[in-house]
Amino acid sequence: MKPHAFQINRRRFVKTAAAITAATGVPGWFLELEEAHAAESRPAGPNDRPGIALVGCGGQGRGDCGGASQFADVLAVCDVDQSHAESAARQFTRDGRVPKIYNDFRKLMERDDIHAIINGTPDHWHTFVNMLAARTGKDIYTEKPLTLTIDEGKRLVKTVRDNKRIVQVGSQQRSDRNFRLACELTRNGRIGTLKHMIVGLPTGLVEGPFPELPVPAGLNWDYYVGQAPMVPYKGVNCHGNFRWWYGFSGGQMTDWGAHHNDIAQWGNGTERSGPVSIDGKSLTALIPGGYETAANYRIDCKYANGVTMTILDEHTVSDQNVVGGGKTTPNGVQFIGTDGWIFVARGNIQASSEELLRKPLPEGAVRLYQSNHHMGNFFESMRSRKDPICDVEIGHRSITVAHLGVISMRMNKPVQWNPDTEQFVGTHAREANQWLARDQRKPYDYSFIA
Ligand SMILES: NC(=O)c1ccc[n+]([C@@H]2O[C@H](COP(=O)([O-])OP(=O)(O)OC[C@H]3O[C@@H](n4cnc5c(N)ncnc54)[C@H](O)[C@@H]3O)[C@@H](O)[C@H]2O)c1
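Below you will find a few notes about this structure. (Residues numbered from 1 in each chain as written. Predicted model: local features only at pLDDT ≥ 70, side-chain atom pairs only at ≥ 80, totals over all residues. Heavy atoms only, no water.)

### Section: the environment of S69
- Mapping S69 onto the fold places it in the loop between α3 (59-68) and β2 (73-78).
- When the C-alpha positions of S69 and P388 are compared, they lie 18 Å apart, and in sequence the two are 319 residues distant.
- Sequence-distant contacts of S69, defined by excluding residues within four places in its chain, comprise R49, V74, F92 and R94. (Helix = DSSP H or I, 4+ residues; strand = E, 2+ residues; numbered from the N terminus. Contact = heavy atoms within 4.5 Å.)

Written out as structure tokens, the structure reads:
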């Protein structure tokens, strides 16, 4: 295996660092620290290539598997749509070796030569695939959102820990230095005491109703729908667009929310905990028979440490916004403290003053887990058996924040949450606790992977 991309020589480092600083605002002192850390990383040996399989061969799964194929041999691919499986098999054919095609992931999991899986299925299948992979001794790179429900997350964390598996959740922003810098500065009091966080997510879609269509040849629609209530195939409720349908997902709250809530939790130091109160409002009526997840929304949360957080779609504005000019809520995370603020997004970090970013953190400052290559970090963890940067519990806790928001929106009531017991408490607890799990359509309940 080649040394990881981040192990670069000094001269190239200096040039690269200057370019990164110019393009993204990440200061030189932060990049120097990174280089020192990277130099300690151990390159893998040339024979150190595990066998892997891709489950869910859509856009993201194939992208992830392309990254993973630098580190491992793709022995199998699996999809409930034969055409997706076939094109993935073509894509990952190497030196005449064609990955074996499966249409049922349970068969693939029987193989001992597959050491890890890449899970690129839609959200409502993540847990089933991951739980069986963990039980059959495979490590897992799984796409976010980690789960469909909070109950799934609790079960999955236990299964992964009981079976001592490595799980990297595909919240790749954790391996992006902009986000780590923002969180590290916030955690070290650079903006004074953190008071408020604003999470900006895309606006959802208000469209429909949509007509029923014939199921395309080669797509097993019953299997695709899986645990969700059966619905007719409409094209727009399948590949790529499944995320706007409540049976399969939670809309933008769980899609982009998986990424930015994760960062907010990291910066707040609550990555293995969660908020204690959540008040979610869906602000736009949806069209009957159309997309089912919130388009415009506002979720107000509070943490036990007193920090508050507002999650907004980009067309909904808070009077506490420090970016967006009062007209939009930009996609990203705003950390607002007593002495300043930081805004971080993909490829962009800004602060209330230049100095706030430029001044190095002192020795002894809190240093966060460093990874600059999300997939590389997964394979390093497979070797070291140490947790990767976005382990299963972090992934579960990050997506719990989004699930809590969705639950409060769908109940149209504020709810209180105990992050220690992972139960709702207070006024609407009895009703809210019914939302921790969903009914699973047979045969796609947990017995499917027993
Ligand atoms: N990390 C990121 O930035 C990022 C970006 C895009 C998507 N994603 C995530 O990746 C996942 C896939 O998204 P996508 O856009 O590639 O969707 P997609 O619809 O293009 O692909 C999903 C694939 O899974 C297949 N599938 C469905 N049920 C299956 C099952 N039971 N077994 C095997 N295959 C099954 C589908 O047929 C399809 O080929 C989603 O959970 C999404 O949230 C993450």
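### Things to note about the pairing of strand β4 (residues 116-119)
- Residues A116 and I118 line one face of β4 and the alternating positions I117 and N119 line the opposite face, and both faces are buried.
- Direction of pairing for strand β1 (residues 51-55) relative to β4: parallel, over a ladder of 4 bridges. Paired with V55 across the strands is N119, a residue of β4.
- One ladder, built from 4 bridges, connects β4 with strand β5 (residues 139-142); its direction is parallel. Of the residues in β5, the one forming a bridge with I118 is Y141.
- Crossover β4 to β5 through helix α6 (residues 123-135) is right-handed. (Buried < 20%, exposed > 50% of the residue type's maximum accessible area, 1.4 Å probe, protein only. Pairing = 2+ DSSP bridges. Right-handed = clockwise from strand over helix to strand, strands pointing away.)

### So, the sheet that holds β2
- Spatially, the 6 strands line up as an open sheet ordered β3-β2-β1-β4-β5-β6, and their pairing is parallel. A single partner strand is all that each edge strand has here, and the edge strands are β3 (100-102) and β6 (167-169). Taking each pair of neighbouring strands and ignoring which way they run, the sheet shows an average axis angle of 20°. (Axes fitted to C-alpha atoms, helices over the stretch in contact; angles between N-to-C directions.)

### Here we look at a nonpolar patch on the surface
- A cluster of nonpolar residues, V206, L286 and I287, forms a patch on the protein surface that exposes about 180 Å² of accessible area.
- As for its placement among the helices and strands, V206 is situated in the loop between β7 (194-201) and α9 (221-225). (Patch = residues over 30% accessible without salt bridge, like charges linked within 9 Å, V, L, I, M, F, W, Y side chains within 5 Å. Areas by Shrake-Rupley, 256 points an atom, 1.4 Å probe, with all protein chains shown as cover. Salt bridge = Lys/Arg side-chain N within 4 Å of Asp/Glu carboxyl O.)

### Thoughts on the site of the ligand
- The full set close to the ligand counts 30 residues, and Q60, D79, H84, D123 and G240 are the nearest of them.
- Within the contact set of the ligand, an oxygen atom lies 2.6 Å away from a side-chain nitrogen or oxygen of D79.
- Those elements giving two or more residues to the shell around the ligand turn out to be α3, α6, α9 and α10 (252-268).
- Tallying contributions element by element places α6 first for the shell around the ligand, with 3 residues.
- Of the residues belonging to the shell around the ligand, the class tally is 10 nonpolar, 13 polar and 7 charged. (Near = heavy atom within 4 Å. Polar contact = N/O pair within 3.5 Å; in protein donor to acceptor, adjacent residues only side chain to side chain. Nonpolar A, V, L, I, M, F, W, Y, C, P; charged D, E, K, R; others polar.)

### Section: the sheet that holds strand β14 (residues 415-418)
- Read from one edge to the other, the open sheet built from 9 strands follows the order β13-β12-β11-β7-β10-β9-β8-β14-β15, with strand pairing classed as mixed. In this open sheet, the two edge strands, each paired with only one partner strand, are β13 (348-351) and β15 (423-425). On average, each strand axis in the sheet is inclined to that of its neighbour by 20°, with strand direction left out of account.
- Of the pairings in the sheet, the one linking β7 to strand β10 (residues 308-313) comprises 6 bridges and is parallel in character. Bridge pairing links I198 to T310 in β10.
- In this fold helix α8 (residues 177-187) packs onto β7, β11 (332-337), β12 (340-345) and β13, with an angle of close to 160° to the strand it touches most, β12.

### Some details on the nonpolar core
- Core analysis: the biggest nonpolar cluster contains 104 residues, and F105, L108 and F335 have the highest contact counts within it.
- Each residue touching F105, except ones within four places of it in the same chain, is listed here: V55, C78, W125, F128, V129, L132, Y223, F448 and I449.
- Ranked by size, the runner-up nonpolar core spans 20 residues in total, among them C57, C65, A88 and F92. (Core = buried A, V, L, I, M, F, W, Y, C linked by side-chain atoms within 4.5 Å.)

### A look at the pattern of salt bridges
- In this structure the tally under the stated criterion is 26 salt bridges.
- When the shortest N-O distance is used, the salt bridge between R106 and D104 registers 2.9 Å.
- Through salt bridges that share partners, R161, R272, D387, D391 and E393 make up one connected network.

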